[in-house]
Amino acid sequence: MPPDSQELVAQLIERFGTWFEDERALEAGRMTRHLYPYEHLFSPIQVNSLKIKNRIVMGPMGNVSMADETGRPSTKMIAYYAERAKGGVGLIASGIVPVTFAVDPSFTEPGNLAPDVLIRHLPRIDGSRTVFAGWRDLAEGVHAYGAHFFIQLSPGAGRVGSPECVVKRHKLPVSASWNPNFYMPAVPCRPLTDRECWKVVRATGQAAADARACLADGVYLHGHEGYLLEQFANPAFNRRKLGHFADWEAFGLELIKEIRRRCGPDYPIWYRIRMYPSATSRWPCARPTASAWSASGPSSVSGTSARSR
Ligand SMILES: Cc1cc2nc3c(=O)[nH]c(=O)nc-3n(C[C@H](O)[C@H](O)[C@H](O)COP(=O)(O)O)c2cc1C
């Protein structure tokens with residue numbers, strides 16, 4: 001281990017202790033059949049036309065620096081997911097994949113990157129078809145072990161995107177209305193026009209159709225943690241007075257309708273929402289939201305307890 005890593009590990013141990021050396025604590029955290037009462041964990045579950053072999057899902061974790069410059073999933077990324085599938089998980093979701101780089105300026109394309117920028121060689125599905133081979137290899141690697149694979153589609157980061165676009169691209173970050181940037185509140189985020197919203201809707205339908213062509217078993221909408229989709233769905237951030245997207249449900253519903261239109265009635269759509277409101281939020285309530293959206297066509301809605309932004 002390099003000396004600077006040793007120092008970091010020592011600091012972490014000092015802060016969090018050595019619980020990982022306690023065999024009994026580790027045993028309690030292992031997923032085994034002895035973990036009563038998880039009676040259904042290892043039983044299959046049907047999602048539309050898809051039968052998933054168990055109820056263990058690997059959540060989306062951004063695949064930063066796991067794609068080549070074109071956005072094609074690298075051999076490292078393909079091997080990483082195959083290894084997870086080999087471990088026995090029923091369903092794997094990729095980390096965020098932007099549906100377009102043409103609307104939200106905080107989604108920066110390769111070639112216009114600073115070393116500290118969040119979005120760095122993210123896998124892509126928009127634009128060039130040369131990336132498809134990588135996604136197909138990835139899906140086939142996962143399928144080989146009986147697991148299923150969804151691609152997580154992100155309409156944008158919005159106010160939770162890097163404000164660097166102001167100095168690097170001379171563009172303001174975007175949001176549902178005029179809102180402060182999460183990282184630098186002094187930086188205003190401008191509201192997307194209705195036309196830009198429809199562009200994102202169409203790009204999402206295209207990305208889902210491409211995901212399907214790349215053998216992904218479904219798509220997962222990135223609708224939580226205060227990112228652009230949630231900014232539209234949260235009246236604290238969506239204070240639009242005019243136009244279709246003044247309705248806090250409209251943006252999410254249009255995305256689902258467009259995916260349904262492009263991919264048919266059975267293609268699994270999973271929608272991620274945040275389960276609890278932040279102190280400042282007027283987000284109505286996760287449960288009615290989930291049921292309204294469920295009725296409109298996603299196959300499943302999942303919630304996250306992750307912190308609000
Ligand atoms: C390194 C890392 C990357 C993540 N990337 C994503 C992502 O791309 N998309 C997403 O929806 N959530 C992402 N998350 C959030 C996780 O999916 C998950 O919600 C979070 O770790 C909290 O777990 P919980 O929801 O079980 O409480 C990421 C988390 C981590 C630690």
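So, here's what we can say about the structure. Treat the numbers as computed from the prediction; the structure is a model and nothing was measured. (Residues numbered from 1 in each chain as written. Predicted model: local features only at pLDDT ≥ 70, side-chain atom pairs only at ≥ 80, totals over all residues.)

Focus on the overall build of the protein chain
Link 1 in the chain: When helices and strands are tallied, the protein chain shows nine helices and 11 strands.
Link 2 in the chain: Considering the protein chain as a whole, with its 309 residues, one finds that 42% of them fall into the buried category. (Helix = DSSP H or I, 4+ residues; strand = E, 2+ residues; numbered from the N terminus. Buried ≥ 20, exposed ≤ 12 C-beta atoms within 10 Å, placed from the backbone.)

Describing the sheet that holds strand β6 (residues 174-175)
Link 1 in the chain: Spatial strand order, β6-β8-β7: three strands in an open sheet with mixed pairing. Here the strands that pair on one side only, and so sit at the sheet edges, are β6 and β7 (179-180).
Link 2 in the chain: Both β6 and strand β8 (residues 188-191) contribute to a ladder of two bridges, which runs parallel. Of the residues in β8, the one forming a bridge with S175 is P191. (Pairing = 2+ DSSP bridges.)

Some details on helix α4 (residues 132-143)
Link 1 in the chain: Its 12 residues place the ends of α4 16 Å apart at the C-alpha level, agreeing with the 16 Å of an ideal helix rising 1.5 Å per residue.
Link 2 in the chain: For α4, every residue scored as buried is listed here: G134, W135, D137, L138, A139, G141 and V142.
Link 3 in the chain: Residues of α4 that are buried sit in contact with α3 (75-86), β4 (91-98) and β5 (148-154). (Expected span 1.5 Å × (residues − 1). Contact = placed C-beta atoms within 7 Å.)

Side note on unusual backbone geometry
Link 1 in the chain: Positive phi, normally seen in glycine, also occurs at N48, with a value near 50°.
Link 2 in the chain: Along the chain, N48 turns up in the loop between β1 (45-47) and β2 (50-52).
Link 3 in the chain: Its identity is not glycine, yet H170 carries a phi of approximately 55°, on the positive side.
Link 4 in the chain: Mapped onto the secondary structure, H170 falls in the loop between α5 (165-168) and β6.
Link 5 in the chain: Residue classification places H170 among the exposed positions, given that 8 C-beta atoms sit within 10 Å.

Description of helix α8 (residues 250-263)
Link 1 in the chain: With 14 residues, α8 should cover 20 Å at 1.5 Å per step; its first-to-last C-alpha distance of 20 Å lies within 8% of that length.
Link 2 in the chain: Looking at α8, one finds that the buried residues are F251, G252, E254, L255, I256, E258, I259 and C263.
Link 3 in the chain: After α8 finishes, the residue G264 shows a positive phi value of roughly 90°.

Concerning the environment of P163
Link 1 in the chain: Along the polypeptide, P163 turns up in the loop between β5 and α5.
Link 2 in the chain: Among the residues examined, P163 registers 22 C-beta atoms within 10 Å and is labelled buried.
Link 3 in the chain: If we skip the residues at most four places from it in the chain, P163 touches P173, N181, Y183, M184 and V187.

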